[in-house]
Structure formats: structure tokens, C-alpha cells
Amino acid sequence: MSMKMEFNNQEYYFLPHVKINALLDYLHHQGFSCIGPQIKQDAIVYEELHDSEQLPWGLRDYQMPGQYRLEENNVKRAFSWANGPQAIKPQLFKPKESLWRVARDSHGKLTFKNVTHEMKPIALFGVRSCDVAGMLIQDKAFLTEPFVDKHYQARRENVFVIAVNCGYSSNNCFCVSTNTGPQVKAGYDIALTEIDDGFVVTVGSAAGEALINKISLKHATDEMQQAMQREINNAATMQSKAMPFDNTRVVRDLLMNNLDHPQWDDVAARCLSCGNCTSVCPTCFCSSETETPALDRIESEHSREWDSCFTEGHSYIHGKVIRDDTKSRYKQWLTHKLATWWDQFDTSGCVGCGRCVTWCPVGIDITAEVAAIAKPAVDDSASE
Amino acid sequence: MVMKNDHQDILHDTIIVDYQPITDTIFNIGLQFTDENIHRAYQFLPGQFNMLYLFGIGEVAISIVSDPTHDDLYYHTIRRVGRVTTGLSQLKKGDHIGVRGPFGRGWPLSQISGKDILIITGGLGCAPSVSMIHYIMNRREQFGKLMILQGVKHSNDLIYQSYYEKWATAPNTEVLVTADKTTTNWPWYSGLITELIKKINFDPETTICLMCGPEPMFLAAVQLLIERNLPEQSIYMSMERNMQCAIGHCGHCQFGGKFVCKDGPIFCYPDIKDLLGKKGF
């Protein structure tokens, strides 16, 4: 749906808070399974959403490097927070899924059967601009011909995206510098911006327009549109973090020209090589394949699950490990995300969501690491 | 050449028709697809690889060593190292395994046709070049001078010894083999493969070098070749990394911005030289 061609409807509509359930009901009737933000284990997570009451009303996330906690802010809003540890990625690229099964007959002959996923299409309610940007980047990894991942494709083709522009940024958000937020630009069916009592709605696809018509939304007033702009400006101006050089190819060249920089030793001494950053990153796409034979040895199932370049097994090759220390693993992660991603997909792999900073147990800040590597260069230019 | 799109996630049953132990840890298996139509339709290029699947254990990426058109069976030379290859080493004729492939970009056949070919292989990793040598031998008139340089650590490590002996007698073909450590009656050279490079005469304008083996060997060989005016873009090499999906999705085979499985495993040297030999890549 949101993968289809660009759609041109410049109108602004208003969705009052009280009509969220009408929207969800419409989507349910259309056969969608709605996924939206809610509180679980003291964090905002995206799970099956049946009723607007499940949304995280009146809560704000407090994020710092290595820290995440929710606080009540007593505002009657459902989206006065920035983000949680995951959003879209686990919905389209499953943390673990079966790829194929094989049966062996009494002569040893093998019969293979690909696993197809019979599932309802997914409507993602309330996803942030950074996460939509992350989805568009994962599309490049999984949907570029001739190598299309059918499992991802089956879910992606039918997904309905209800984006939510941000009115607030956490301490770890830096999407302004990565040009991926706080307002969603592409890849959505409708986009919401929360103001008092509801949302200003813009339309990004024909399916989105059909939804607007079906639940009979009125046009937003000029005041509402101004309020929308204030919210987005607020989220943008409150960001204190930025990716150096605006996350451009300049970062690519900086990192690839500084593979022997002393900062790699510095960060390696702090990094635990735990892989949290890769798990929460909306664009990381590595997976490893595993085999689960049945006890009777007649059948076996072949699956994949998320992997991380911070594991020893990730770079294993015939008896040895290419990246046998934390320094080379962190270097792989950072140079891939910000540098060689350009070579592969003509984009940075970073969308400025700040999750890798928040969920790092020792609070390693990706923007600070790049800045530290950039520092001598910046000093040189200052002294010229 | 990319086969039709569905080969990437479809496995086919094959039967081990030929099993040849070569050393204690190395063996050669010749596979036949149980479906005759698939066996006939299966196509690959020298330098490409298959994912071989052992029931209940998993897959492993292995080069195809056959000639693309002259062999009845699809041969794979395998060294027993990890879980899957250890399991494969215990199979026998008549056993079944799954095959998914072929994958990757093979040796650049169109660019090297009519050229003198210098093949440099080191250690046990010579399998990707063997298919190429078979290809040249079966089409000898399409190529100029053929020089085959093979180095091993110990003379006992030399596999395909009878092949090297046979190739050495082919027209317009030079075969030089060396071992760091040799036993008595070793008919070839002793020392590093770099010493062999110094012994050969090649015309840098008409020669294409194809390499496979360990990366430090690539670096040493490239330096010697460039000193002798072989252009960088006349050097190709076969890279190895962890491969699980074989189509650039699983991320394990990344070499900087390249996915070895789909952008390689054969690379032109200038395309990978920036990171070649860099620790961690």
C-alpha cells in the first residue's frame, strides 16, 4: 500500500481522539490486524491494538544514554513520548521465522517445502517518522531484484502505515540531522500530528484517502494546521544531538579514512559487544539460519533469527573468526551503518532514532563516537 | 548469469553418486539431482558456489569444481572443518543431500577469453580455480598461454596431484607447484608461492591473473605482479566469508560495502583493494 506510487492529496483533516476507535474498527473490518503502541514492562512496545484505551495516554519517555524510563506527564495525549525499543522492524522482519521444511523418506530422499505465511495484513498505528524511514531502508535490503525475500515481501506488500509526526523529541533523538524526521515524508498511508483533543491528518496514499472518507473526517481548521506546525517545530528544535556532517557520505569517507583512529580502541574498551544496538536498530538486517530436526529424524525445520555483528559466530569462516575482538566488531557495526551502507543501498543506515544510544547498557553514543573520530579533522580546518 | 529467480530459496534433492576421499580431511563428492529435468537444466559458471544441505544439520557454501558442460556430475571438493562439513565427510555413495544454487558471480569469462591466463592458488583453497582450469583445458584454443602456480604449506597437502601432472603436459601450459615444507621425492619446488611468481614470464598486456587462496597470499602476489606492470584490473580473486542465505540478506559475508555471496565471490582487485588485509573486514 504505502509502497505504491506517490499520491497527491494536500488536504488537512482532523481526527478527534474520540474517533480513534472508529479508525481501528474500520481497519479491523477491512481485515487488518492493528498493531500500536502500549505499555509493557515499563516501556512502550508495539502490539495488537483493539481499543484506543490501550495507547500510552499521558506518558512521556525519559531517555539518556543507557537509560529509559516512563513518567506521567498528565497531558491528555496518546503520543507525547518519542519512541520505545522497537516499532516496525519486528512486524515485517520477524525476530525468528521458519523458512522451509524438509522430509526424509526411508531411502534418504529429501523433499523440501517452503514455508508460506498465512496471515492477516498488518495496520501499523502510530509509527514514528524515523521508523518509517527505517522501513524504507529495510525495503532496499530485502526487496531489491533479483533477490527478493518472500517472507518480508508478503507482510510488507499488505502493510497499512499510520504514521505519527513527533511533537516531542527525547534527549537521544537526532532525526533532524539525519533528515528522517520529525515529520514523516514518505512511506505512509496517513500521517497524524497530535494537537489538543485529536490529530491533524494528512494523506499519503489512495488507501489512506479511502480511510479518511470512510470514517468521515472533517477538514482541519487553519488554527489546527498552525498547531500541527508548532508541534513539529517543537520536536525539531528541542533536539540536542546531531549526527556530524548531517549523516551524509562525508561520514562515510571520514570513517573509511580513519580505520586506524585511536577512538576505535577507546570505544572498544567501553563496548560490551552485547548486540543491543543491533537488536533495537530499525535498519539492522542480519540474521543467522538454524536447523531444528524432529526427534524422529524424519522431518527438519530451517529457520532464521536476528543475528548481530557483535557475536563471535557472525564472522566465523571455516574454523576461524574474522572479527575476534570487540574493536573490530564495533568498527564493523559503525562503518557498516554509516559508511558502507552508502555503497550497498545509496543511503546511510542510520535514521536518527537514538535507540542504540538509549539501549546500550554502557551508554555509547553513536553521534559522539563519530564526532570523536571527526575531531582532528575539524580542528585542522579551524586552524587553517 | 543469474538463473531464474526462484533458485534462491528452493532446495533440490541430490544423490551422492561419486565419493572420493583425497586426504584425511578433504574429500570430493559428485552429485546428481534426483529429478532428471533439474539435473539437465542446472547451469553454473566456474567460480560459482552451491549451498549444500545436510539433513537436520544445516547448509554450507561450497564451490563447484566441475566443468560447466563437460561433467555428468556436479563435483564439490570439501574440507572437514565445521559441523556441516564433518557430517558431509561421513556420507557415502547413495546418500542424499540438498542443493540450493548456484550463487555468486563466477570468473569473468568474457573478459578473459583469448588472454594468457595466470592462475595463482594457495593452500587448500584452490577449489574455485579448479573449475576454471577444467574449463580452459576443455576449450584450450579459446585461451593463450596458461600458467598454473600452486603453493601449499606441506607437500602432503597437495590435492589434485594427478591433475597437476596431467595439466603440465598440456600444450602451451606451464605448471609450477611449491611447498613450504617438502618430503623426499617431491618433484616440484620448495619455498613460498611468491618465489614461483618470480620464475615465470608473462606479458602484462595480455595476461589475466586469477587467484584463490588466503588473503595474505593475495596481497603478496598482487605486489609482485604490479611491480611487473600487470594492471590492477587484470587481477581477479575469489573471496571467502561466512555465508548463510547466499543472496545478500543475512549480512554475514559483508566485506565493507560488498556482499561476497552476490557481488563476489570473484572480485576484480581494484573493487576490493581498499579493505584487503585490513583486520576485521
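Just so it is clear, the structure is predicted and the values come from calculations on it, not from any experiment.

Visitor: Is there a simple way to explain the overall build of chain B in this structure?
Guide: Secondary structure summary: chain B contains 9 helices and 15 strands in total. Computed over the C-alpha atoms, the radius of gyration of chain B is 18 Å, within 12% of the 19 Å expected from 2.2 N^0.38 for a compact globule of 281 residues. Taking the principal axes of the C-alpha coordinates as reference, chain B spans close to 50 × 45 × 40 Å. When each of the 281 residues of chain B is scored for burial, the buried share is 60%. Sequence-distant contacts in chain B: of pairs separated by 6 or more residues, those separated by 24 or more amount to 69%. Surface accessibility of chain B: about 11100 Å² in total, with carbon and sulfur atoms responsible for 47%. With 25 positive and 28 negative side-chain charges, chain B shows a separation of 5 Å between the mean positions of the two kinds.

Visitor: Hey, could you run me through the nonpolar core in this one?
Guide: The nonpolar side chains of a soluble globular protein tend to be buried with one another. Core analysis: the biggest nonpolar cluster contains 133 residues, and Trp333(A), Ile120(B) and Met211(B) have the highest contact counts within it. When residues of this core are assigned to their parent elements, the largest contribution, 8 residues, is made by helix H3 (residues 129-143) of chain A. Those residues in contact with Met211(B) that lie beyond four places of it in its chain are Trp107(B), Ile120(B), Met217(B), Phe218(B), Ala221(B), Val222(B), Leu225(B), Ile235(B), Tyr236(B), Met237(B) and Ser238(B). Grouped together as the second largest cluster of nonpolar side chains are 35 residues, Val130(B), Val152(B), Trp167(B) and Cys268(B) included.

Visitor: So what exactly am I meant to see when it comes to the sheet that holds strand S15 (residues 266-268) of chain B here?
Guide: Think of a sheet as strands paired side by side through backbone hydrogen bonds, with each pair either parallel or antiparallel. Residues and elements named next belong to chain B. Read from one edge to the other, the open sheet built from 7 strands follows the order S10-S9-S8-S7-S11-S12-S15, with strand pairing classed as mixed. The outermost strands of the open sheet, each flanked by one partner alone, are strand S10 (189-190) and S15. With 2 bridges connecting them, strand S9 (residues 173-181) and S10 associate as parallel partners. When the bridges of S10 are listed, Ala-179 appears paired with Ser-190. Contacts from helix H4 (residues 127-137) reach strand S7 (116-122), strand S8 (146-154), S9, strand S11 (207-212) and strand S12 (235-238), with the element oriented near 150 degrees to S7. Lying over the sheet, helix H7 (residues 215-227) contacts S7, S11 and S12, oriented at roughly 165 degrees with respect to S11.

Visitor: For this particular structure, what's the right way to read the packing of aromatic side chains?
Guide: Aromatic ring pairs are described here by two measures, namely the spacing of the ring centres and the angle between the planes. A full pass over the atoms with the stated rule returns 32 aromatic pairs over all chains. For the ring pair Phe285(A) and Phe259(B), a centre distance of 6.4 Å and an interplane angle of 45 degrees mean the geometry is tilted. Linking Phe285(A) in the loop between helix H10 (276-280) and strand S13 (287-293) with Phe259(B) in strand S14 (residues 258-259), this pair reaches from one chain into another. Neither Phe285(A) nor Phe259(B) differs from the other in exposure class; each is buried. Taken together, the ring pairs connect Phe93(A), Phe142(A), Tyr152(A), Phe285(A), Trp306(A), Trp341(A), Phe345(A) and Phe259(B) into an aromatic cluster. Just above the ring of Tyr168(A) sits the side chain of Arg60(A); from NZ or CZ to the centre is 3.8 Å. Its end group placed over the ring of Trp306(A), Lys89(A) keeps NZ or CZ at 4.4 Å from the ring centre.

Visitor: Explanation requested: the sheet that holds strand S12 (residues 218-219) of chain A in the structure shown.
Guide: Residue and element names in this part refer to chain A. In spatial order, the strands read S3-S2-S8-S9-S10-S11-S1-S12; together these 8 strands make up an open sheet with mixed pairing. Every other strand in the sheet has two partners, leaving strand S3 (43-48) and S12 as the edge strands with one partner each. Two elements, strand S1 (residues 13-16) and S12, share 2 bridges in a ladder whose sense is antiparallel. Bridging from a neighbouring strand, Phe-14 pairs with Lys-218 of S12. Across the sheet, helix H7 (residues 222-237) touches S1, strand S9 (160-165), strand S10 (190-195) and strand S11 (198-203), and the angle it forms with S10 is around 90 degrees.

Visitor: Is there a simple way to explain the pairing of S3(A) in this structure?
Guide: Working note: regular strand, side chains alternate between the two faces of the sheet. Residues and elements named next belong to chain A. Examined bridge by bridge, strand S2 (residues 33-40) and S3 share 6 bridges and lie antiparallel to one another. By the bridge assignment for S3, Gly-36 is matched with Glu-47. Here S2 hands over to S3 after 2 residues, with Gln-41 in that stretch at a positive phi of 50 degrees.

Visitor: How should the interface of chain B and chain A be read in this particular structure?
Guide: Where the parts come together, the accessible area they lose is often given as the size of the interface. Facing the 44 residues of chain B at the interface are 52 residues of chain A. Regarding the contact of chain B and chain A, the summed buried area is about 3800 Å², with carbon and sulfur atoms giving 56% of it. Looking at the side of chain B facing chain A, the largest losses of area belong to Phe55(B), His249(B) and Phe281(B), adding up to 19% of the total buried there. Between the two partners, chain B and chain A, sit 4 salt bridges. In this structure, the salt-bridge partner of Asp324(A) is Lys279(B), at a minimum N-O distance of 2.7 Å. Our count for the chain B to chain A interface comes out at 16 residue pairs in polar contact (both at pLDDT 80 or more). Only strand S1 (12-21), strand S4 (58-63), strand S6 (96-103) and S14 of chain B provide two or more residues apiece to the side of chain B that touches chain A.

Visitor: I would appreciate a short explanation of the domain arrangement of chain A in the present structure.
Guide: Residues and elements named next belong to chain A. One can read the domain layout of chain A as domain 1 (13-237) and domain 2 (244-383). Just the C-alpha atoms count here: the centres of domain 1 and domain 2 sit 25 Å apart. The interface is formed by 45 residues belonging to domain 1 together with 43 residues belonging to domain 2. When domain 1 packs against domain 2, the two sides together hide about 3600 Å² of surface, and 55% of this comes from carbon and sulfur. Summed over the three residues of domain 1 that lose the most area to domain 2, namely Lys-89, Ile-137 and Phe-174, the buried surface amounts to 16% of that side. Remark: the boundary between domain 1 and domain 2 carries 4 salt bridges. The closest approach of N and O atoms between Asp-131 and Arg-355, which form a salt bridge, is 2.8 Å. Between domain 1 and domain 2 we count 32 residue pairs in polar contact (both at pLDDT 80 or more) in total. Only strand S4 (59-64), strand S5 (67-72), helix H2 (89-92), strand S6 (96-104), H3, helix H4 (150-156) and helix H5 (175-178) provide two or more residues apiece to the side of domain 1 that touches domain 2.

Visitor: Would you explain the side chain of Thr85(B) in this entry?
Guide: All names here are of chain B. Relative to the assigned elements, Thr-85 resides in helix H2 (residues 83-89). Given the relative accessible area of 7%, Thr-85 is considered buried. Among the polar contacts listed, one links the side chain of Thr-85 to the backbone nitrogen of Gly-82, at a separation of 2.9 Å. Ignoring sequence-local partners within four residues, the contact set of Thr-85 consists of Phe-27, Val-60, Ile-78, Arg-79 and Arg-80.

Visitor: Honestly, unusual backbone geometry in this entry has me stumped. Any pointers?
Guide: Trans peptide bonds make up the majority, and among non-glycine residues the majority have a negative phi. Residue Pro182(A) is bonded to the preceding Gly181(A) through a cis peptide linkage, with omega at 5 degrees. Counting through the fold element by element, Pro182(A) comes out in the loop between H5 and S10. For the peptide bond that leads from Gly264(B) to Pro265(B), omega is 5 degrees, which places it in the cis range. As for its position among the elements, Pro265(B) is in the loop between helix H8 (260-263) and S15. A positive phi angle is found at Asp197(A), which is not glycine, with a value near 75 degrees. Following the sequence through the fold, Asp197(A) ends up in the loop between S10 and S11.

Visitor: Where do I start with the packing of helix H9 (residues 263-270) of chain A against helix H11 (residues 326-345) of chain A in this structure?
Guide: Residue and element names in this part refer to chain A. Direction vectors running N to C along H9 and H11 enclose 110 degrees, while the axes themselves pass 9 Å from each other. Between H9 and H11, the angle falls in the class roughly perpendicular. Contacts between H9 and H11 involve Trp-264, Asp-265, Val-267 and Ala-268 from the former and Thr-326, Lys-327, Tyr-330, Lys-331, Leu-334 and Thr-335 from the latter. Residue composition of the contact of H9 with H11, by class: 5 nonpolar, 2 polar and 3 charged.

Here is what the cut-offs are and how they apply
- Residues numbered from 1 in each chain as written.
- Chains lettered and ligands numbered in written order.
- Predicted model: local features only at pLDDT ≥ 70, side-chain atom pairs only at ≥ 80, totals over all residues.
- Heavy atoms only, no water.
- Helix = DSSP H or I, 4+ residues; strand = E, 2+ residues; numbered from the N terminus.
- Rg over C-alpha atoms; globule rule 2.2 N^0.38 Å.
- Buried < 20%, exposed > 50% of the residue type's maximum accessible area, 1.4 Å probe, protein only.
- Contact = heavy atoms within 4.5 Å.
- Areas by Shrake-Rupley, 256 points an atom, 1.4 Å probe, with all protein chains shown as cover.
- Lys, Arg positive; Asp, Glu negative; His and termini not counted.
- Charge placed at Lys NZ, Arg CZ, Asp CG, Glu CD.
- Core = buried A, V, L, I, M, F, W, Y, C linked by side-chain atoms within 4.5 Å.
- Pairing = 2+ DSSP bridges.
- Axes fitted to C-alpha atoms, helices over the stretch in contact; angles between N-to-C directions.
- Phe/Tyr/Trp six-rings, centres within 6.5 Å; stacked < 30°, edge-to-face > 60°.
- Lys NZ or Arg CZ within 6 Å of the ring centre and 35° of its normal.
- Buried area = accessible area lost by both parts, 1.4 Å probe.
- Salt bridge = Lys/Arg side-chain N within 4 Å of Asp/Glu carboxyl O.
- Polar contact = N/O pair within 3.5 Å; in protein donor to acceptor, adjacent residues only side chain to side chain.
- Domains from an automatic or database assignment.
- Parallel < 35°, antiparallel > 145°, perpendicular 65-115°, else oblique.
- Nonpolar A, V, L, I, M, F, W, Y, C, P; charged D, E, K, R; others polar.

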